[in-house]
Amino acid sequence: MARGIETKCLHLEEEEGRGSDHGAVSYPIYQTATFAHPGVGKSTGYDYSRLQNPTREHLEKVVATLENGSDALALSTGMAAIALMMELFRPGDHLIVDADLYGGSIRLFQNVSEKNGITFSSIDCYKEDVESHVRDHTKAIYIETPTNPMMNVTDIEALGKIAKKHGLLLIVDNTFLSPYFQNPLDLGADIVVHSGTKYLGGHNDTLAGFLVTNREDISEKLRFLIKTTGSGLAPFDSWLILRGIKTLGIRMEKSQQNAMIIAEWLKEQRAVTKVIYPGFPTHPGYEIMKKQARGFGAMLTFQVESRGSALAILEKVRMIKYAESLGGVETLITYPITQTHADVPEEIRERNGITDSTLRLSVGIEDVKDLLDELGKIFREIEGGSYGRKKS
Ligand SMILES: *Cc1c(COP(=O)(O)O)cnc(C)c1O
């Protein structure tokens, strides 16, 4: 019987009972650049750490298992993973990409990939007729679900069918939910992308990225690319991510629990005009989320009544950190317009609904009472005399 995901975060079935490495329970950090050969024409299985290193390999196996893939590659950052993935394409190729993506991905596509002769159609995959955008030279569909930061939910299985029918790759950035809550390969995706910096690492202390696939041909191409371009994850950082993954399950559960409470609380505040959280039954993607994911995650976006209120909140937070990034144990608040999405052209930002009063919360695992206490104080201050619950 297949093991539960919490167990998979801790144990690699294939490596059990081997008794190697002095019985170390924590996988060793092989801090070495190169490996001595036992003889001419002989190898220990490792030659040089750019090609492969045992610590990185162990991490890659764990992540492949978590995503039900046959292979995973660990890279130095999420962007390094996406940049490597783009090397699968050549000049003249066309990709359909979601309009609301991580800002860094949009920047890469517009400033690097386009220069290299790749063209893009940027559309709202959650509501548009994706198939009508397929051209002769279309090679892939690239999405996030839920999207960053607007939390649009796309039906992965439906897109998988369109991709199969037209021979396209379906690539899903699964950073927001992590493999704990969603496994796109099971729903028809060909490649899963992760910023391992976020939930997989989980502690706001290490950068990493992953590409996971269940296709032999893709894995072969990616293996060639990682050794050729050299953006594999370092041994120590691989170990940090391995350590983070051990607690993925309890971190995801606790931060989701906190996020639901905070999302409900924010809805009641007068200064808040909108709360976008896919765990609300009123969220347009709620039913699809229930079908394709095992949870709703711990990311939420909210609008306040004015830019002034948004700035005041960012100035006043103390325990909650005003910082880019997400998915760590500490709660972070982000201002997409000047941070994660600063390089996204204004017309795209506006179309996606990112304004100067949009804030994003990555809810951590603190005692939720303390988070509400801090937010409560801040809202009392910014709302002045008008503080209080909305009259409904
Ligand atoms: C952070 C992030 C990335 C980029 O990852 P880095 O590790 O920062 O390079 C890509 N996609 C999403 C959804 C992200 O949140």
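Report on the accompanying structure. The residue numbering used here restarts from 1 in each chain and proceeds along that chain's sequence as written. Side-chain atom pairs in this predicted model are given and counted only at pLDDT of 80 or more, local residue features only at pLDDT of at least 70, and totals for whole chains, interfaces and linings cover all residues. Side-chain numbers here rest on the full set of heavy atoms in the structure, without hydrogens or water.

1. A look at empty space enclosed by the protein
- Only protein atoms enter the 1 Å grid, on which a cavity is a set of points fitting a 1.4 Å probe that cannot get out and a pocket is an open set with protein on both sides within 12 Å along at least 5 of 7 lines, lining residues being those with an atom within 4 Å of a point. Grid points are joined across faces, edges and corners, and a volume is the space filled by probe spheres set on the points. As enumerated under the stated definition, the model contains one cavity of 30 Å³ or more in all.
- Computed from the structure, the largest cavity encloses a volume of approximately 30 Å³.
- As for the largest cavity, its lining consists of G201, H203, D205, L240, R243 and G244.
- Any residue outside Ala, Val, Leu, Ile, Met, Phe, Trp, Tyr, Cys, Pro, Asp, Glu, Lys and Arg is labelled polar, Gly included; the first ten of those are nonpolar and the last four are charged. Across the lining of the largest cavity, the residue classes tally to one nonpolar, three polar and two charged.

2. A closer look at the pairing of strand β9 (residues 299-304)
- In terms of residue burial, β9 counts as a mostly covered element, since six of its six residues are buried.
- Two strands are said to pair when DSSP picks up at least two bridges between them. Strands are runs of DSSP state E lasting at least two residues, helices are runs of H or I lasting at least four, and both sets are numbered from the N terminus onward. Relative to β9, strand β8 (residues 272-276) is paired through four bridges, and the arrangement is antiparallel. Across the sheet, K274 pairs through a bridge with Q303, a residue of β9.
- Bridge count for β9 against strand β12 (residues 358-362) is five bridges, and the pairing is antiparallel. Directly across from Q303, in β12, lies its bridge partner T358. Each residue is assigned to one of three classes by its accessible area relative to the maximum for its type, calculated with a 1.4 Å probe on protein chains only: buried under 20%, partly exposed between the two thresholds, exposed over 50%.

3. Thoughts on the pattern of salt bridges
- We define a salt bridge as a side-chain nitrogen of Lys or Arg found within 4 Å of a carboxyl oxygen belonging to Asp or Glu. Overall, the coordinates contain 18 salt bridges when judged by the stated rule.
- A salt bridge links R223 to E60; the nearest nitrogen and oxygen atoms lie 3.1 Å apart. With R223 in helix α7 (residues 216-229) and E60 in helix α2 (residues 54-66), the pair connects residues that are 163 residues apart, well separated along the chain.
- Residue R223 is classed as partly exposed on the basis of its relative accessible area, which comes to 24%.
- Two residues, K165 and E131, come together in a salt bridge whose shortest N-O distance is 2.6 Å. Note that K165 is positioned in helix α5 (residues 156-166) and E131 in the loop between β3 (119-123) and β4 (138-144), a separation of 34 residues in sequence.
- For K165, a relative accessible area of 62% translates into the label exposed.
- For E131, a relative accessible area of 27% translates into the label partly exposed.
- Beyond isolated ion pairs, a larger network of salt bridges with shared partners links R56, E60, D71 and R223.

4. Considerations on the site of the ligand
- The cutoff for a nearby residue is simple: one of its non-hydrogen atoms must lie within 4 Å of the molecule or strand. The environment of the ligand is formed by 14 residues, the closest being G78, D173, S195, T197 and K198.
- One of the side-chain N or O atoms of S195 is found 2.8 Å from an oxygen atom in the ligand.
- What sets the accessible areas is the Shrake-Rupley method with a 1.4 Å probe; for residues, cover comes only from the shown protein chains. Notes on the ligand: free accessible area 380 Å², of which the protein chains cover 93%.
- In terms of residue count, the dominant contributor to the shell around the ligand is helix α3 (residues 78-86) (three residues).
- Of the residues contributing to the shell around the ligand, the split by class is five nonpolar, six polar and three charged. N or O atoms closer than or at 3.5 Å make up a polar contact, with two conditions inside protein: a donor-capable atom paired with an acceptor-capable one, and, for residues adjacent in sequence, both atoms drawn from side chains.

5. Quick word on the pairing of strand β2 (residues 94-98)
- With respect to burial, β2 is a largely interior element, five of its five residues being buried.
- Alternating residues of β2 divide into H94, I96 and D98 and L95 and V97, and every residue in both groups is buried.
- As paired strands, β2 and β3 are joined by five bridges and run parallel to one another. From the neighbouring strand, H94 faces β3, where its bridge partner is T119.
- As for the winding sense of the linkage, the β-α-β connection from β2 through helix α4 (residues 103-113) to β3 is right-handed.
- Inspection of the sheet shows β2 paired to β4 by four bridges, in the parallel sense. From the neighbouring strand, I96 faces β4, where its bridge partner is I141. Handedness of a crossover is defined as follows: orient the strands so they point away from the viewer, and if the path from the first strand over the helix to the second runs clockwise, the crossover is right-handed.

6. Brief notes about the sheet that holds strand β10 (residues 321-322)
- Reading across the sheet, the five strands line up as β8-β9-β12-β11-β10 and stay open at both edges, with mixed pairing between neighbours. Of all strands in the sheet, those bounded by a partner on one side alone are β8 and β10.
- Throughout, a residue-residue contact means that at least one pair of heavy atoms, one from each residue, lies within 4.5 Å. Inter-axis angles, ranging from 0 to 180 degrees, are taken between N-to-C directions of lines fitted to C-alpha atoms, where helices are fitted over the stretch in contact. Here helix α11 (residues 307-316) sits on the sheet in contact with β9, β10, β11 (332-334) and β12, set at roughly 130° to β9.

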